[in-house]
There are 4 protein chains.
Amino acid sequence: MIAVLKNGTSDNQIENLSSWLRSQGLDVHISKGSTHTVIGLIGDTTKIDEELLLGLDMIETVKRISEPFKSANRKFHPDDTIINVGNTSVGGKDFALIAGPCSVESEEQVMEIAREVKAAGATMLRGGAFKPRTSPYDFQGLKADGIELLLLAKRETGLPIVTEIMNANHLPLFEDVDVIQVGARNMQNFELLKELGHTNKPILLKRGLANTLKELLMSAEYIMAGGNENVILCERGIRTFETYTRNTLDISAVPMLRELTHLPIVVDPSHATGVAKLVKPMALAAAAAGADGLMIEVHNDPAHALCDGPQSLTPAAFSDVTKAVKRVLAAVEEA
Amino acid sequence: MIAVLKNGTSDNQIENLSSWLRSQGLDVHISKGSTHTVIGLIGDTTKIDEELLLGLDMIETVKRISEPFKSANRKFHPDDTIINVGNTSVGGKDFALIAGPCSVESEEQVMEIAREVKAAGATMLRGGAFKPRTSPYDFQGLKADGIELLLLAKRETGLPIVTEIMNANHLPLFEDVDVIQVGARNMQNFELLKELGHTNKPILLKRGLANTLKELLMSAEYIMAGGNENVILCERGIRTFETYTRNTLDISAVPMLRELTHLPIVVDPSHATGVAKLVKPMALAAAAAGADGLMIEVHNDPAHALCDGPQSLTPAAFSDVTKAVKRVLAAVEEA
Amino acid sequence: MIAVLKNGTSDNQIENLSSWLRSQGLDVHISKGSTHTVIGLIGDTTKIDEELLLGLDMIETVKRISEPFKSANRKFHPDDTIINVGNTSVGGKDFALIAGPCSVESEEQVMEIAREVKAAGATMLRGGAFKPRTSPYDFQGLKADGIELLLLAKRETGLPIVTEIMNANHLPLFEDVDVIQVGARNMQNFELLKELGHTNKPILLKRGLANTLKELLMSAEYIMAGGNENVILCERGIRTFETYTRNTLDISAVPMLRELTHLPIVVDPSHATGVAKLVKPMALAAAAAGADGLMIEVHNDPAHALCDGPQSLTPAAFSDVTKAVKRVLAAVEEA
Amino acid sequence: MIAVLKNGTSDNQIENLSSWLRSQGLDVHISKGSTHTVIGLIGDTTKIDEELLLGLDMIETVKRISEPFKSANRKFHPDDTIINVGNTSVGGKDFALIAGPCSVESEEQVMEIAREVKAAGATMLRGGAFKPRTSPYDFQGLKADGIELLLLAKRETGLPIVTEIMNANHLPLFEDVDVIQVGARNMQNFELLKELGHTNKPILLKRGLANTLKELLMSAEYIMAGGNENVILCERGIRTFETYTRNTLDISAVPMLRELTHLPIVVDPSHATGVAKLVKPMALAAAAAGADGLMIEVHNDPAHALCDGPQSLTPAAFSDVTKAVKRVLAAVEEA
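Values in this document were obtained by computation on a predicted structure and should not be read as measured data.

Let us look at the packing of helix 3 (residues 107-119) of chain D against helix 4 (residues 144-157) of chain D. Each pair of packed helices gets described by two things: the angle between the helix axes and the distance between those axes. All names here are of chain D. Contact geometry of helix 3 with helix 4 gives a least axis separation of 9 Å together with a crossing angle of 35°. Note that helix 3 runs across helix 4; the crossing there is right-handed. Where helix 3 abuts helix 4, its residues Glu107, Val110, Met111, Ala114, Arg115 and Lys118 lie against Leu149, Leu150, Leu152, Ala153, Glu156 and Thr157. Split by residue class, the contact of helix 3 with helix 4 holds seven nonpolar, one polar and four charged.

Spelled out as structure tokens, the structure:
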């Protein structure tokens, strides 16, 4: 970390600042130029609050050289993290195919979809029991009953299940859930992240709608700082000015995160685009760019249209996607 | 609400959809054109889930005419809401001046600032006890002790206090807090909003970093739907591509919200700009645009620079702002 | 197009508006509901100015059902457009590989890169002669001399050349250029687009930094409305809040544009990411998502570092990318 | 400017880079730390291309301390620039009130509005003759005839006129125009800016839809570098995710630009908000924040609704705005 001091900062002020920085366990390296003095900080600067430094009158600018995340940082953990989930895993050689309905609606629905996505190659079942909705008047999910239905499907198909948590007080309901999802709107719900850091469950952490990759990694860091290193990152589209798609899927997040972190990265092309026709090409793009898995919405009954989100695929269409994804993965691997 | 059906939708499909919509308590008005059929929905469409309709194969596009928020809507509640807070109020004739430190740090600090901002005209004291920080390694606030210090300052100065909540489980600690703040990162923490809807405390709800005014009002609606109508909206800057300022204060949110809702609107120029020199001009702009109040960071000791955020004013500078704000308010009122 | 009238609009006002709309060659279909009257407009509504309608006091809201672009619209031109460029083509079965240096710097540089990218499979040579730079103090390109050097490389290698125009007055210099590029900052330089519409040159039109796909297609429409239908669309990254990458490459633009338009679509992963390591994964993602081609920056001399943008590949790395792209294209085709 | 070198950069590489930097007229100050070497550059670094430095393999990061703009920089020109326009001026004590129709439509229209806005206190007349429109099918303005009508209004009322240029080839038509406007979409049309730099006309430069203040100042720098220092900056709203307003007026741009530059700053609340009811509160906010002037759309005939943009005021409403603005200016001045 480098801090540039304002012109006119006195030696006394520089000495006071240096003492304080040294007291934080850092080596301080001062270099006086003709117009500016530059202070280099060496050591574990993750503990230094950048805004606090910027708040000092004497400081013109601050520049981090090393990243503020540590547990998630590939520099300190060069090998890819592989997270075991039931009889499957995320990261490394295995490619995760997480599929299922947007919302759990009924036993019949979830059982049928579970069987069909398993047959089509899914490695995990997803389904919303607690649903974060912009409007308090919209359907909020089946809640505890929804989780029960997912567990029923897990018992029958053997597929591990992924479902979203919105409130740490609900954790007892998630005891048999395999992967706990944190939704985009809760990516910076730090209290929830801290609680999840005290569990040992795999956490699928979705990127917030307008959050940077650094912020995503800092949120992963909240979970990891509590002792839970089983974090799966999920790119699910960011808010941009484009209106034909619901959000803009940031595929470049995949190879960029690959550089920055050892954590596995999955991509959700369904929510990101909000358009069923785009799910296949974007799933292929994610696979080509090196994702560790995909999370795809599948519905079972096109006639039962009211439950059919504009971004959902039929099981047959999902099966077609999985086959094409595998061909692309093989083509990339050959390289 | 208007739904445009796709070319080729059968009469049978139209009839099925209409029955379902009527079963939701709506009047359905069908108008067949040469290429498209348009369905007009009349009644309380706040209960209709727009995405669910869009998910239907037969639907080309959906357009809301009335707003999806109800309790917060000025159309159903034309008079301005005035929220009483201790011996003062927000909304209506009174102009709220909420001032205090970013973080509560010590008894000495909070007592001194409280006395000074009161002398300068503040109507409430703000201070952070629970601090949402992007990094788990940054200072997270004095927590319960911080609230105790704020209550001490309240007892001495009589100023009502405003402080942020991050976890509904902490509510017992907020029993004597006058206004509970929901921070930008928790604007769509719907579980927290629901819990606050079951209290009768005034809630200061900050707009999220990349959220629209409609989303802000839908979050207010979550609180109000639970029975707590004491919601104060707070514009605190949105994320844009500009880098000289930390965020971009959306002053137009003030008159726009004034049209849409009866709830009071306060503006936080300190966090929005992140630059102390901009606090005064932006405070004046907010007052000129019709805000019901301001929330301003004030620190007490410029020498004790490490606690001095780049956006904080000294008490003297705050006093200068309050005087100028009052002149501008008088000038606007005369109009 | 549908216009919803405000409550209380008189029959007389409705009749006046309808007459005016009919005089614009449209069929007008009026449907009066209990609270709102809806006017449906049938015919060529591309000529109707949406903002002008919204400006009318009596109008509450306007919703286009059909798109405002016509020549570029796939609905009126279902087959993919294939644009012939020298002995190659863009669109259809051929996959365009456009490669070359960011800026043309010297004869030696451009000749060597041209030979090397041709050997690696490039189908066209790109190179900047006129360079749009944010700062007037930055290098502005070799201009006319740069074009001469590109033409020299074309004569030797047979590769068609692509280079950017910034001023319609420079058109005479572009007589032997095969594809004229319009840069992101000029996407809405309508005067330039109109002039290019009067040529018969293929135009590679880059999406603006914060522009929507609809705006991109409207800019293509400016060129096509002048008679030049040879427009190649180029996705090159949009501005978002992410800072690890220079821009965010919107891969979903590829399949989305495929639905909306018959024009070919190429992707520029070099400028979009600004990071050399991301060029290969993003090139593969673009190919997997169905792009018609790629535009990639290649430099020749890693030792000559000052001319080496952070997003450039060496010829060897480019050759590796082309091979992997072809494998991915084959894998997708098999589907 | 500070450049941080990558760990492992050889002394030889450092020496080569330093020589090159010295050859650009800079003093080079090298400071070797235990992990990183930092190079400080002292002198006129505006000529150093930041991207070019970042492109060097050996460089980890680059940080500008001084701004890349020079002629526009307040540091080198502490006094406010005052630009004389006819018998009035922009900057300094005078407050500019620029009013008129969005588009010039007829002699009757422009003459009547000119008389009425003059009576209401306008100091200049604005009106669009060349209109940049997203669609080639929308009205493109009366062009040369529109300028003639503005000149007629100028002769009768004495008001200086402001109108937009879209093509440097049209400059001869602007000979008697007092202020030439560059629209938001042309803010980075560098060829146009360069040509305007060779005139001596005052240029009103509008901020682009998604451009930063630094980019705005760099565009001003393009004009000033050509010798024309008469640049008026105009904040007119930026693109955000908000949809109730057309754009988001960045009022904080006013005091921020005031710090950065000596050029005068006017605000256009009409285009920014796109909502007539918001024009007055936002005009007052701009005045309170320290703007040097306002640019407001005024139409003359509310019955002639088709020409009445949703953001236009009547002359009477404009008169009310000017009075309120003057009261606010007086209140701020008193401070």
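Moving on, we get to the sheet that holds strand 4 (residues 59-63) of chain A. All names here are of chain A. Strand order in the open sheet formed by four strands is 2-3-1-4, with antiparallel pairing between adjacent strands. Either end of the sheet is taken by a strand with one partner, and the two such strands are strand 2 (27-32) and strand 4. Strand-to-strand twist of the sheet, defined as the mean angle between neighbouring strand axes without regard to direction, takes the value 20°.

Contacts between the two partners involve 51 residues from chain A and, on the opposite side, 51 residues from chain B. Together, the buried faces of chain A and chain B total about 4,400 Å²; carbon and sulfur atoms form 51% of this surface. Taken together, the connections running from chain A to chain B amount to two salt bridges. Of the charged contacts in the structure, one is a salt bridge between Arg239(B) and Glu215(A), with a shortest N-O distance of 2.5 Å. Summed over the shared surface of chain A and chain B, the number is 19 residue pairs in polar contact (both at pLDDT 80 or more). Elements represented by at least two residues in the side of chain A that touches chain B include exactly helix 2 (50-54), helix 5 (190-197) and helix 6 (213-225) of chain A.

In this section: the sheet that holds strand 10 (residues 179-182) of chain C. Pairing between sheet strands relies on hydrogen bonds along the backbone, with the strands arranged either parallel or antiparallel. Residue and element names in this part refer to chain C. On the basis of which strands lie adjacent, the closed barrel formed by eight strands has the order 7-8-9-10-11-12-13-14 and parallel pairing. Strand-to-strand twist across the sheet, computed as the mean angle between neighbouring axes with direction ignored, equals 30°. In this sheet, strand 8 (residues 124-126) lies alongside strand 7 (residues 96-100) in parallel orientation, the contact comprising two bridges. When the bridges of strand 8 are listed, Ile98 appears paired with Met124.

Take chain A, turn it by 180°, move it 0.0 Å along the axis, and it overlays chain B with an RMSD of 0.0 Å. Here the copies are linked by what is in effect a two-fold axis. Considering only C-alpha atoms, the residue of chain A closest to the rotation axis is Ala210(A), which sits at 3.1 Å. Looking at the interface residues of chain A, 100% of them are also at the interface in chain B, so both copies use one shared face.

Once that is clear, we can look at the pairing of strand 11 (residues 203-206) of chain D. All names here are of chain D. The side-chain alternation of strand 11 yields two buried faces, one formed by Ile203 and Leu205 and the other by Leu204 and Lys206. One ladder, built from three bridges, connects strand 10 (residues 179-182) with strand 11; its direction is parallel. The residue of strand 11 that forms the bridge with Ile180 is Ile203. Traced from strand 10 through helix 5 (residues 190-197) to strand 11, the parallel crossover comes out right-handed.

For the pair chain D and chain B, the relating rotation is 180°, the translation along its axis is 0.0 Å, and the fit reaches an RMSD of 0.0 Å. Counting the interface residues of chain D, we find that 97% of their copies in chain B are interface residues as well, pointing to one common contact surface.

Attention now moves to the packing of aromatic side chains. Taken as a whole and assessed by the stated rule, the structure comprises twelve aromatic pairs over all chains. Their ring planes at 20° and their centres at 4.6 Å tell us that Phe190(C) and Tyr222(C) sit as a pair that is stacked. Residue Phe190(C) is located in helix 5 (residues 190-197), and its partner Tyr222(C) is located in helix 6 (residues 213-225); the two are separated by 32 residues in the primary sequence. Of the two residues, Phe190(C) and Tyr222(C), neither departs from the other in class, the shared state being buried. Here Phe130(D) and Phe174(D) contribute two aromatic rings whose centre-to-centre distance is 6.2 Å and whose plane-to-plane angle is 25°, an arrangement assigned as stacked. One end of the pair, Phe130(D), is in the loop between strand 8 (124-126) and helix 4; the other, Phe174(D), is in the loop between strand 9 (161-165) and strand 10, and 44 residues separate them in sequence. Judged by relative accessible area, Phe130(D) falls into the buried class, the value being 5%. According to the relative accessible area criterion, Phe174(D) is buried, its value standing at 1%. Through a chain of ring-to-ring contacts, the aromatic side chains of Phe241(A), Phe241(B), Phe241(C) and Phe241(D) assemble into a single cluster. Positioned over the ring face of Tyr137(B) is Lys70(A), at 5.7 Å from the centre of the ring.

Criteria and thresholds
Residues numbered from 1 in each chain as written. Chains lettered and ligands numbered in written order. Predicted model: local features only at pLDDT ≥ 70, side-chain atom pairs only at ≥ 80, totals over all residues. Heavy atoms only, no water. Axes fitted to C-alpha atoms, helices over the stretch in contact; angles between N-to-C directions. Helix = DSSP H or I, 4+ residues; strand = E, 2+ residues; numbered from the N terminus. Left-handed = near helix turned anticlockwise from the far one by under 90°. Contact = heavy atoms within 4.5 Å. Nonpolar A, V, L, I, M, F, W, Y, C, P; charged D, E, K, R; others polar. Pairing = 2+ DSSP bridges. Buried area = accessible area lost by both parts, 1.4 Å probe. Salt bridge = Lys/Arg side-chain N within 4 Å of Asp/Glu carboxyl O. Polar contact = N/O pair within 3.5 Å; in protein donor to acceptor, adjacent residues only side chain to side chain. Least-squares fit on C-alpha atoms with pLDDT ≥ 70 in both. Buried < 20%, exposed > 50% of the residue type's maximum accessible area, 1.4 Å probe, protein only. Right-handed = clockwise from strand over helix to strand, strands pointing away. Phe/Tyr/Trp six-rings, centres within 6.5 Å; stacked < 30°, edge-to-face > 60°. Lys NZ or Arg CZ within 6 Å of the ring centre and 35° of its normal.

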